Amino acid sequence: MRIARFSIDGNVAFGAVEGDKPDELVLDIIRGIPFADFELSGTKVPLSKVRLLPPVLPNKVVAFARNYAEHAGELGNEVPETPFAFFKPSTSVTGPGDPIQYPSFTSELHHEAELAVVIGRMCREVPRERVKDVILGYTCANDVTARDVQRREKQWARAKGFDTSCPLGPWVETDVDPADLTIQCTVNGLQRQLGRTSEMIHSVEDLIVNITEAMTLLPGDVVLTGSPAGVGPLNVGDEVAVTIEGIGTLTNKVIKRG
């Protein structure tokens, strides 16, 4: 099931995305929320008539760095022996079609296409064999990074945590195996990144086990799993799209922060 969060006529709701052709997609409005028992209302609206929002509003976004060997190498970094986590605040999250605001404190903004894991239930110290039980589904993410600030400041709070630095969407796919999916990024229609999730050094299971050893994850929290090689610059006016096999495409345009 593809679960989207959307607004229509000033109201916010969740809906199940139905259909295969982009211009014929409809939303069956959900009664309840996707983190508990819910049912489909049977009330359907065309996707073209709504505004898609970030599919979840996470309490926290836990991101893992250098989880693809070629990406670590292209930036001159060693591959970490164990998963290497950092945080993006909830205020960094933005949705499909929303602008990425180019901050005034950087001159080197980069895209990083990533598979995002959406947590479906409160969990801590999750054993490997139960990881699937705590996951609602998967979505596309762009870990937008102020690369010059990242190099200069070492600590990544500003470089990766600024407003609009975490586009998510277009929806959560609950029925996909994340083990070997194509992940790509295009800028203005030209391919920049192309990889497969099977190239991850640490699997989704590894990452969930690792972070829940330290902290509780809540329903709607998001775990970013790292980016394949090919990260590169974004400029004002660029349109950047992250596409993941079996999930969909997340598209955003870069604008100057006003």
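Residues numbered from 1 in each chain as written. Predicted model: local features only at pLDDT ≥ 70, side-chain atom pairs only at ≥ 80, totals over all residues. Heavy atoms only, no water.

**Student:** Where do I start with the pairing of strand 11 (residues 113–119) in this structure?
**Tutor:** In summary, the side chains of a regular strand alternate between the two faces of the sheet. Burial within strand 11 is extensive, with 7 of its 7 residues counted as buried. Side-chain alternation along strand 11 places Ala-113, Leu-115, Val-117 and Ile-119 on one buried face and Glu-114, Ala-116 and Val-118 on a second face that is also buried. Here 7 bridges tie strand 11 to strand 12 (residues 135–142), and the two strands are oriented antiparallel to one another. Within the sheet, the bridge partner assigned to Ile-119 lies in strand 12 and is Ile-135. Where strand 11 meets strand 17 (residues 222–224), 3 bridges bridge the pair, whose relative direction is antiparallel. Its bridge partner being in strand 17, Val-117 is matched across the sheet by Val-223. (Buried < 20%, exposed > 50% of the residue type's maximum accessible area, 1.4 Å probe, protein only. Helix = DSSP H or I, 4+ residues; strand = E, 2+ residues; numbered from the N terminus. Pairing = 2+ DSSP bridges.)

**Student:** Which parts of the structure should I look at to understand the sheet that holds strand 19 (residues 239–244)?
**Tutor:** Strand pairing in a sheet relies on backbone hydrogen bonds, with the paired strands running either antiparallel or parallel. The strand order 9-20-19-15-16 describes an open sheet built from 5 strands, whose pairing is mixed. Of all strands in the sheet, those bounded by a partner on one side alone are strand 9 (100–102) and strand 16 (190–196). Across this sheet, the average inter-strand angle for adjacent strands is 20°, counted without regard to direction. When strand 15 (residues 182–187) meets strand 16, the two strands line up antiparallel, connected through 6 bridges. From the neighbouring strand, Cys-185 faces strand 16, where its bridge partner is Gln-193. (Axes fitted to C-alpha atoms, helices over the stretch in contact; angles between N-to-C directions.)

**Student:** What is the right way to look at the pattern of salt bridges in this model?
**Tutor:** Pairs can form between side chains of opposite charge once their charged atoms are near each other. What the rule picks out here adds up to 14 salt bridges. When the shortest N-O distance is used, the salt bridge between Glu-39 and Arg-31 registers 3.3 Å. Residue Glu-39 is classed as partly exposed on the basis of its relative accessible area of 44%. Residue classification places Arg-31 among the partly exposed positions, given a relative accessible area of 46%. The salt bridge involving Lys-88 is made with Asp-143; its shortest N-O contact spans 2.6 Å. Placement of the pair is Lys-88 in strand 7 (residues 84–88) and Asp-143 in the loop between strand 12 and strand 13 (145–146), with a sequence separation of 55 residues. (Salt bridge = Lys/Arg side-chain N within 4 Å of Asp/Glu carboxyl O.)

**Student:** Looking at this model, I keep getting lost on the sheet that holds strand 10 (residues 109–111). Mind explaining?
**Tutor:** What the 3 strands build is an open sheet, ordered 13-10-18; its pairing is antiparallel. Both outer strands of the open sheet, strand 13 and strand 18 (232–234), are each paired with one neighbouring strand and no more. Across 2 bridges, strand 10 lies against strand 13 in antiparallel orientation. Within strand 13, the residue paired with His-110 across the bridge is Thr-145.

**Student:** I tried to follow the packing of aromatic side chains on my own but got confused; where do I start?
**Tutor:** The geometry of two aromatic rings is summed up by the distance between their centres and the angle between their planes. Scanning the entire structure with this criterion turns up 3 aromatic pairs. Measuring from centroid to centroid gives 6.1 Å for Phe-105 and Phe-162, while their planes differ by 80°, and the two rings are edge-to-face. In this pair, Phe-105 is assigned in the loop between strand 9 and strand 10 and Phe-162 in the loop between helix 3 (157–161) and strand 14 (166–173), connecting sequence segments 57 residues apart. Every member of this aromatic cluster is reached through a ring pair, and the members are Phe-84, Phe-86 and Trp-156. In this structure, Arg-2 packs its charged tip against the face of Trp-171, placed 5.6 Å from the ring centre. One cation-aromatic arrangement involves Arg-158 over Phe-105; the distance from NZ or CZ to the ring centre is 4.7 Å. (Phe/Tyr/Trp six-rings, centres within 6.5 Å; stacked < 30°, edge-to-face > 60°. Lys NZ or Arg CZ within 6 Å of the ring centre and 35° of its normal.)

**Student:** Sorry if this is basic, but what is going on with the nonpolar core here?
**Tutor:** In summary, soluble globular proteins display a tendency toward joint burial of nonpolar side chains. In this structure, Leu-109, Val-117, Tyr-138, Val-204, Ile-208 and Ile-244 are the most contacted members of the largest nonpolar core, which totals 42 residues. Taken together, the elements giving at least two residues each to this core come down to strand 6 (61–65), strand 9, strand 11, strand 12, strand 15, helix 4 (204–212), strand 19 and strand 20 (248–256). Considering each element in turn, this core owes the most residues, 5 residues, to helix 4. Dropping the residues within four chain positions of it, Val-117 is found in contact with Ile-135, Gly-137, Tyr-138, Val-204, Ile-208, Asp-221, Val-222, Val-223 and Thr-225. Counting 16 residues, the second largest nonpolar core, distinct from the first, contains Ala-63, Ala-65, Cys-166 and Leu-224. (Core = buried A, V, L, I, M, F, W, Y, C linked by side-chain atoms within 4.5 Å. Contact = heavy atoms within 4.5 Å.)

**Student:** It is not clear to me how the environment of Cys-185 should be interpreted in this structure. Could you clarify?
**Tutor:** Within the fold, Cys-185 resides in strand 15. C-alpha of Cys-185 to C-alpha of Thr-249: the two residues are 64 residues apart in sequence and 9.4 Å apart in space. Setting aside anything within four residues of it in sequence, one finds Cys-185 in contact with His-111, Ala-113, Leu-190, Gln-191, Arg-192, Gln-193, Val-240 and Ala-241.

**Student:** Looking at this structure, how should I read the environment of Leu-136?
**Tutor:** Along the chain, the position of Leu-136 falls in strand 12. Distance in space between the C-alpha atoms of Leu-136 and Ile-247 is 13 Å, their sequence separation being 111 residues. In contact with Leu-136, not counting residues within four places along its chain, are Pro-34, Phe-35, Val-118, Ile-119, Gly-120, Val-172 and Thr-174.

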